[in-house]
Amino acid sequence: MRRFFQDVPEELWRSYSWQIQNRIKSIEELKKYIKLLPEEEEGIRKTRGLYPFAITPYYLSLINPENPKDPIRLQAIPREVEVDEKIQSLGEPDALNEEGEIPGLTHRYPDRVLLNVTTFCAVYCRHCMRKRIFSQGEKARTKEEIDRMINYIKNHEEIKDVLISGGEPLSLSNEKLEYILKRIREIKHVEIIRFGTRLPVLAPQRFFDDDFLDILEKYSPIWINTHFNHPNEITEYAEEAVDRLLRRGIPVNNQTVLLKGVNDNPEIMLELFRKLLRIKVKPQYLFHCDPIKGAIHFRTSVDKGLEIMQFLRGKLSGFGIPTYAIDLPNGKGKVPLLPNYLKKREGDKYWFESFTGEIVEYEIKEVWEP
Ligand SMILES: *Cc1c(COP(=O)(O)O)cnc(C)c1O
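Presented here is a report on the structure given in the accompanying data block.

Rules used in this analysis
- Residues numbered from 1 in each chain as written.
- Predicted model: local features only at pLDDT ≥ 70, side-chain atom pairs only at ≥ 80, totals over all residues.
- Heavy atoms only, no water.
- Helix = DSSP H or I, 4+ residues; strand = E, 2+ residues; numbered from the N terminus.
- Contact = heavy atoms within 4.5 Å.
- Polar contact = N/O pair within 3.5 Å; in protein donor to acceptor, adjacent residues only side chain to side chain.
- Near = heavy atom within 4 Å.
- Areas by Shrake-Rupley, 256 points an atom, 1.4 Å probe, with all protein chains shown as cover.
- Expected span 1.5 Å × (residues − 1).
- Buried < 20%, exposed > 50% of the residue type's maximum accessible area, 1.4 Å probe, protein only.
- Pairing = 2+ DSSP bridges.
- Right-handed = clockwise from strand over helix to strand, strands pointing away.
- Salt bridge = Lys/Arg side-chain N within 4 Å of Asp/Glu carboxyl O.

### Structural notes on the environment of D70
And then number 1: Relative to the helices and strands, D70 is located in the loop between α5 (57-60) and α6 (71-76).
And then number 2: Residue contacts for D70: discarding those within four places in its chain leaves L62, I63 and N64.
And then number 3: Within the structure, D70 has its side chain in polar contact with the backbone nitrogen of N64 (distance 3.0 Å).

What follows is the structure in structure tokens.
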């Protein structure tokens, strides 16, 4: 469904560069489509230069302008609360300690490394965990910076998995992407390459480019991690983008962030994960919202996340249920969270809670020494 831009021919609508060139970035432009709330107008004004605003025509067209609480509107249009004194004081710019010695490189787990290759994004998500980089403007890393990161990987044989993120890593030109992929693939100890990209959600037209898909396919195995947060984001365009990736042998996994007012509702989450399975995307993580400066108002309680996890069990195929995880402060890593299904234990006797809520006694013993 295209709520706005109905006069734009389908051929242009399907063009990624048209979507990027025609991003809406000002109050005046935005007002042509949506009657802004006072806190949104003030929000755009007060976040200028600090947490800038941009939205693709495609993503904007998913907003129901009649609904001030529309989940896409909340994710994409700034509100004054982002610069509220209390909200600002409660968050940290880099709550997960990503910044280290080499600009753009975070090496937390021995076998995996995270590369941040650009500050550019198609849409500046208001809940972004890297909101700190918004004020740096829209710039890709230089060749020298990229080479430094790649040399680091070369010198660390324990690295098996390179996770390329940003900003929006797949906003880089095909040439730049090919350069990075080629250089990483030359390193023998690297096994897989992953992209953390939100383009399947914000501008799925990126994946309608066969030359680009040729490059991704060439440097296989490549995995995609994307970021659908709400069932309204699963459109025929998103489905086509995912389908084109899958046909090239690139699996697509999803990371949802639990966001107050956007998706902190068991029924909405169930619909989201069910729709993701329909388009063959595996829900990998449900992240608890990090305490990011300028975004902490999206945080819910941990109980809300556990309630959603409990609700999903028994209502959705097991592989459609993501791991609920929270990132510990100071870069201590991710921790999975589950409702407690083991209610009591005495020796080999266990009392489990079933998916229907029944308490079931079960004796479990080892019975054989081979
Ligand atoms: C989340 C994260 C990863 C990847 O973790 P997975 O559980 O493998 O998806 C790697 N490096 C950093 C710094 C991370 O925050």
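### Thoughts on the site of the ligand
And then number 1: Contacts to the ligand come from T106, R108, Y109, R112, L114, L163, R194, Q284, Y285 and K334.
And then number 2: One of the side-chain N or O atoms of R112 is found 2.7 Å from an oxygen atom in the ligand.
And then number 3: The side chain of R194 places a nitrogen or oxygen atom 2.9 Å from an oxygen atom of the ligand.
And then number 4: Protein coverage of the free-state accessible area of the ligand, which is 390 Å², stands at 89%.
And then number 5: Elements supplying a minimum of two residues to the shell around the ligand: β2 (112-116) and β7 (282-288).

### Things to note about helix α9 (residues 174-185)
And then number 1: Helix length check: α9 (12 residues) gives 16 Å between terminal C-alpha atoms against 16 Å at 1.5 Å per residue, within 8%.
And then number 2: Every buried residue of α9 is listed here: N174, L177, I180, L181, R183 and I184.
And then number 3: Buried residues along α9 sit against β2, α8 (143-154), β3 (161-165), β4 (192-196), α11 (210-218) and β5 (222-226).

### Digging into the pairing of strand β6 (residues 252-258)
Consecutive residues of a regular strand have side chains that alternate between opposite faces of the sheet.
And then number 1: The buried count for β6 comes to 6 of 7 residues, which makes it a mostly enclosed element.
And then number 2: Here β5 runs beside β6; their pairing, made up of 3 bridges, is parallel. Bridge assignment links I224 to a residue of β6, and that residue is V252.
And then number 3: Of the pairings in the sheet, the one linking β6 to β7 comprises 6 bridges and is parallel in character. In the strand pairing of β7, V257 is matched with F287.
And then number 4: With helix α13 (residues 266-278) bridging β6 and the parallel β7, this β-α-β connection has right-handed handedness.

### Things to note about the pattern of salt bridges
And then number 1: Scanning all chains against the criterion turns up 41 salt bridges.
And then number 2: Salt-bridge contacts for R248 lead to D214; the nearest nitrogen and oxygen are separated by 2.8 Å. Remark: D214 occurs in helix α11 and R248 occurs in the loop between α12 (236-247) and β6; sequence separation between them is 34 residues.
And then number 3: In this structure, D327 engages K334 in a salt bridge whose closest nitrogen and oxygen atoms are separated by 4.0 Å.
And then number 4: What makes D327 buried here is its relative accessible area of 10%.
And then number 5: Accessibility expressed as a relative area gives 32% for K334, which makes it partly exposed.
And then number 6: Residues participating in the shared-partner salt-bridge network are R14, D210, D214, E217, E240, R244 and R248.

### As for unusual backbone geometry
And then number 1: Residue G167 is bonded to the preceding G166 through a cis peptide linkage, with omega at 15 degrees.
And then number 2: You can see G167 is positioned in the loop between β3 and α9.
And then number 3: Across the junction of S220 and P221, the peptide omega takes the value -5 degrees, indicating a cis bond.
And then number 4: Structurally, P221 can be placed in the loop between α11 and β5.
And then number 5: Unlike most non-glycine residues, N97 shows phi in positive territory, near 50 degrees.
And then number 6: With respect to the helices, strands and loops of the structure, N97 is situated in the loop between α7 (85-90) and β1 (105-106).

Remember, this is a structural readout, not a statement about activity or role.
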